[in-house]
Amino acid sequence: MSMIQRFGVLGGILSLAWMFSVSALAATPTDVAPPTMVEHTLPKPIIRGEWVQGAVLIGQIAPVDSIEFMGRELSIDPDGYFVIGLGRDYPTKARLKVSLNGESEAFDYTVKQRSYEIQRIEGVPKQTVNPDPEHLSRIRAEAAAARRARKADTKHQYYRQPFQWPLEGPITGVYGSQRYYNGEPRRPHFGVDVAAPTGTVVVAPVDGVVTLAHDNMFFSGGTLIVDHGHGLSSSFIHLSKILVAEGAIVKQGQPIAEVGATGRVTGPHLDWRMNWYDQRVDPQTLVPEMSRP
Ligand SMILES: [Zn+2]
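Just so we're clear, the structure is a prediction, and the values are computed from it rather than from any experiment.

A.B. asks: Quick one: what's the story with the overall build of the protein chain, residue by residue and with numbers?
C.D. replies: Within the protein chain, the regular secondary structure consists of three helices and 21 strands. Expressed as a percentage of its 293 residues, the buried residues of the protein chain come to 34%. In the protein chain, 67% of the contacts between residues at least 6 apart in sequence involve partners at least 24 apart.

A.B. asks: Any chance you could break down the nonpolar core for me, citing the residues and the numbers?
C.D. replies: Soluble globular proteins: nonpolar side chains tend toward being buried together. Counting 53 residues, the largest nonpolar core has Val56, Val83, Leu224 and Phe236 as its most contacted members. Here this core spans two domains, and each of domain 1 (3-110) and domain 2 (118-285) adds at least three residues to it. Apart from the residues lying within four places of it in its own chain, the contact partners of Leu224 are Val210, Leu212, Ala213, Phe236, Leu239, Ile242, Ile256 and Ala257.

A.B. asks: Please give an account of the pairing of strand E10 (residues 178-181) that cites residues and values.
C.D. replies: Summarising the sheet, strand E8 (residues 118-121) and E10 pair through four bridges and their orientation is parallel. What sits directly across from Ile118, in E10, is Gln178. In the sheet, E10 pairs with strand E11 (residues 184-186) via three bridges, with the strands oriented antiparallel. Bridge pairing in E11 links Tyr181 to Glu184. Between the end of E10 and the start of E11, which pair antiparallel, lie two residues, with Asn182 showing a positive phi angle near 50 degrees.

A.B. asks: Describe in detail the pairing of strand E14 (residues 208-217), supporting the description with residues and values.
C.D. replies: Judged by how many residues are buried, E14 sits mostly within the fold: seven of ten residues are covered. When E14 meets strand E18 (residues 249-250), the two strands line up antiparallel, connected through two bridges. Bridging across to E18, Gly208 finds its partner in Val250. What sits between the antiparallel neighbours E14 and strand E15 (residues 221-229) is a turn of three residues.

A.B. asks: Please set out the sheet that holds E8 residue by residue, giving values where relevant.
C.D. replies: With mixed pairing, three strands are arranged side by side in an open sheet as E8-E10-E11. This sheet does not close on itself; its edge strands, each paired only once, are E8 and E11. Each strand axis lies, on average, 30 degrees off the axis of its neighbour in the sheet, ignoring direction.

A.B. asks: Can you tell me about the sheet that holds strand E13 (residues 201-203), naming the residues and giving the values?
C.D. replies: If you trace the three strands from one edge of the open sheet to the other, you get E13-E19-E17, paired in antiparallel fashion. Of all the strands in the sheet, just E13 and strand E17 (241-242) have a single pairing partner and so form its edges. As paired elements, E17 and strand E19 (residues 255-258) share two bridges and run antiparallel to each other. Considered in E19, the bridge of Lys241 is made with Glu258.

A.B. asks: Just give me the short version of the environment of Ser291, but keep the residues and values in it.
C.D. replies: Assignment of secondary structure puts Ser291 in the segment after strand E21 (279-281). What makes Ser291 exposed here is the crowd of 8 C-beta atoms within 10 Å. Taking the C-alpha atoms as reference points, Ser291 and Glu168, 123 residues apart in sequence, are found 7.8 Å from one another.

A.B. asks: Give a detailed account of unusual backbone geometry, specifying residues and quantitative values.
C.D. replies: Even without glycine at this site, Asn101 takes up a positive phi of about 50 degrees. Here Asn101 shows up in the loop between strand E6 (93-100) and strand E7 (103-110).

A.B. asks: How would you explain the environment of Val194 if you had to name every residue and give the values?
C.D. replies: With respect to the helices and strands, the residue Val194 is situated in strand E12 (residues 192-195). For Val194, a count of 22 C-beta atoms within 10 Å corresponds to the buried category.

A.B. asks: Explain the environment of Gly102 residue by residue, including any values.
C.D. replies: Tracing the chain through its elements places Gly102 in the loop between E6 and E7. Taking the number of C-beta atoms within 10 Å as the measure of exposure, Gly102 has 6 and is therefore exposed. Between the C-alpha atom of Gly102 and that of Asp65, which follows or precedes it by 37 residues, the distance is 8.7 Å.

A.B. asks: Any details on helix H3 (residues 136-150)? Residues and values, ideally.
C.D. replies: For H3, with 15 residues, the first-to-last C-alpha span of 21 Å sits near the 21 Å given by 1.5 Å per residue. Looking at the packing, one finds that the buried side of H3 touches E14, E15, strand E16 (232-239) and strand E20 (269-276).

A.B. asks: With reference to specific residues and values, describe the confidence of the model for the protein chain.
C.D. replies: Averaged over all residues, the pLDDT of the protein chain equals 87, while 86% of them reach at least 70. Segment residues 1-30: pLDDT under 50, and 17 contacts once partners within four positions in sequence are set aside and those in other chains are kept.

Quick notes on the rules
Residues numbered from 1 in each chain as written. Predicted model: local features only at pLDDT ≥ 70, side-chain atom pairs only at ≥ 80, totals over all residues. Helix = DSSP H or I, 4+ residues; strand = E, 2+ residues; numbered from the N terminus. Buried ≥ 20, exposed ≤ 12 C-beta atoms within 10 Å, placed from the backbone. Contact = placed C-beta atoms within 7 Å. Core = buried A, V, L, I, M, F, W, Y, C linked by C-beta atoms within 7 Å. Domains from an automatic or database assignment. Pairing = 2+ DSSP bridges. Axes fitted to C-alpha atoms, helices over the stretch in contact; angles between N-to-C directions. Expected span 1.5 Å × (residues − 1). pLDDT = per-residue confidence, 0-100.

This is how it looks when you write it as structure tokens:
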């Protein structure tokens with residue numbers, strides 16, 4: 001059973017516990033022992049996952065008016081679930097602000113800092129390391145389209161499902177690495193790379209809605225973005241073929257694309273990236289170990 005499945009069970013027990021404590025209080029208010037120490041008066045968020053840079057954390061909370069994180073009011077499901085993501089360089093201190101009936105309370109957390117690998121990649125097509133100026137407007141337009149797709153703020157609850165690998169195989173690149181292409185420093189790598197021959201099927205890691213399907217972007221080649229709800233999305237890049245259309249609902253395990261070597265690559269592999277809105281997060285914080293490494 002995965003951590004998220006366990007959390008589902010735990011969450012169920014906790015919601016029962018809330019209902020129970022509310023009715024117990026209503027029935028026999030004088031029998032309740034006074035708390036020895038009151039730390040928080042508002043409902044405390046329960047967070048599943050580790051506070052570490054790149055993490056996707058699933059939370060649950062008893063009914064409140066709002067939760068804020070990084071200046072953003074979070075979407076909360078009717079049964080109290082929410083998701084947050086920590087970027088690659090998230091600082092040490094994180095805070096959730098919970099509000100109810102005009103009162104607010106802060107919950108503070110310490111975020112573990114990671115040290116990232118340095119990866120040097122040679123033999124990348126020159127054009128994709130230093131693009132001609134004539135390609136810049138295309139590059140900008142594609143980046144804007146991808147940003148729009150990842151900004152989707154939907155109420156879907158797919159993010160609560162336990163994730164599976166979209167493809168299993170040798171991992172050849174990890175989240176956060178500082179990259180040098182043909183010796184030149186470029187932006188860090190934000191995905192997890194899984195090597196596989198061109199044409200290998202990629203499946204949906206959980207359910208979602210396709211928000212972008214593009215045959216050939218300048219850097220990312222064949223690009224597919226799937227929204228899992230509450231700002232959490234997956235991007236699959238360097239694809240040779242996309243099997244689903246924008247707007248389609250995909251189910252976990254459904255074939256959605258085929259591996260390719262399109263865009264800035266040296267060979268065929270799947271690059272799976274995840275975003276929480278504009279924060280790039282680490283897909284490996286959501287999946288179990290591969291069943292066949
Ligand atoms: Zn990659």
